[in-house]
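Each chain, written out:
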Amino acid sequence: IFGFIIIIATGFLQLTKSQENWISYRSTAELLQSEYHLFKMKSGDYSDEKIGNDNRKREQLFVNRIETIISEEGKKFLSSHEKFEVDVKPKEGK
């Protein structure tokens, strides 16, 4: 009975791709956190040398980058969970 439970649990985890999802979500979360820290510290592309003293441009850049990261995560999720559809076509002449 214990072996059967393990087989069912393993099958469920493979079907839901839990491990893949977790790795992807964690990497996205770390990327978002890194981007947030760069923004708050005015480092990298958010620095005064690159943007100047324009907070509006800095905020727009931040929002654009965050939206891009989130969009990429969504694309990865959808591509990893696509199901193959079988085309059922009616036979000609019927």
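Engineer: Help me understand the overall build of the chain, please; the structure alone is not making it clear to me.
Structural biologist: Scanning the chain from terminus to terminus reveals four helices and zero strands. Of the regular secondary structure in the chain, the N- to C-terminal order runs α-α-α-α. Per-residue burial over the chain gives 14% buried out of 94 residues. Considering only residue pairs separated by 6 or more positions, the chain has 49% of its internal contacts joining residues 24 or more positions apart. For the chain, the accessible area works out to roughly 8,300 Å², and carbon and sulfur atoms hold 61% of it.

Engineer: Help me out: how do you make sense of the packing of helix α2 (residues 18-41) against helix α4 (residues 55-80) in this one?
Structural biologist: Angle between the axes and distance between the axes: these two values describe a pair of packed helices. Where α2 meets α4, the axes come as close as 11 Å, and the angle between the chain directions of the two elements is 175 degrees. When the axes of α2 and α4 are compared, the pair comes out roughly antiparallel. On α4, the residues that touch N21, S24, Y25, S27, T28, L31, L32, E35, Y36 and F39 of α2 are R58, E59, F62, R65, I66, I69, I70, E73, K76 and F77. Residues of the contact of α2 with α4, tallied by class, amount to 10 nonpolar, four polar and six charged.

The rules behind the values
Residues numbered from 1 in each chain as written. Predicted model: local features only at pLDDT ≥ 70, side-chain atom pairs only at ≥ 80, totals over all residues. Heavy atoms only, no water. Helix = DSSP H or I, 4+ residues; strand = E, 2+ residues; numbered from the N terminus. Buried < 20%, exposed > 50% of the residue type's maximum accessible area, 1.4 Å probe, protein only. Contact = heavy atoms within 4.5 Å. Areas by Shrake-Rupley, 256 points an atom, 1.4 Å probe, with all protein chains shown as cover. Axes fitted to C-alpha atoms, helices over the stretch in contact; angles between N-to-C directions. Parallel < 35°, antiparallel > 145°, perpendicular 65-115°, else oblique. Nonpolar A, V, L, I, M, F, W, Y, C, P; charged D, E, K, R; others polar.

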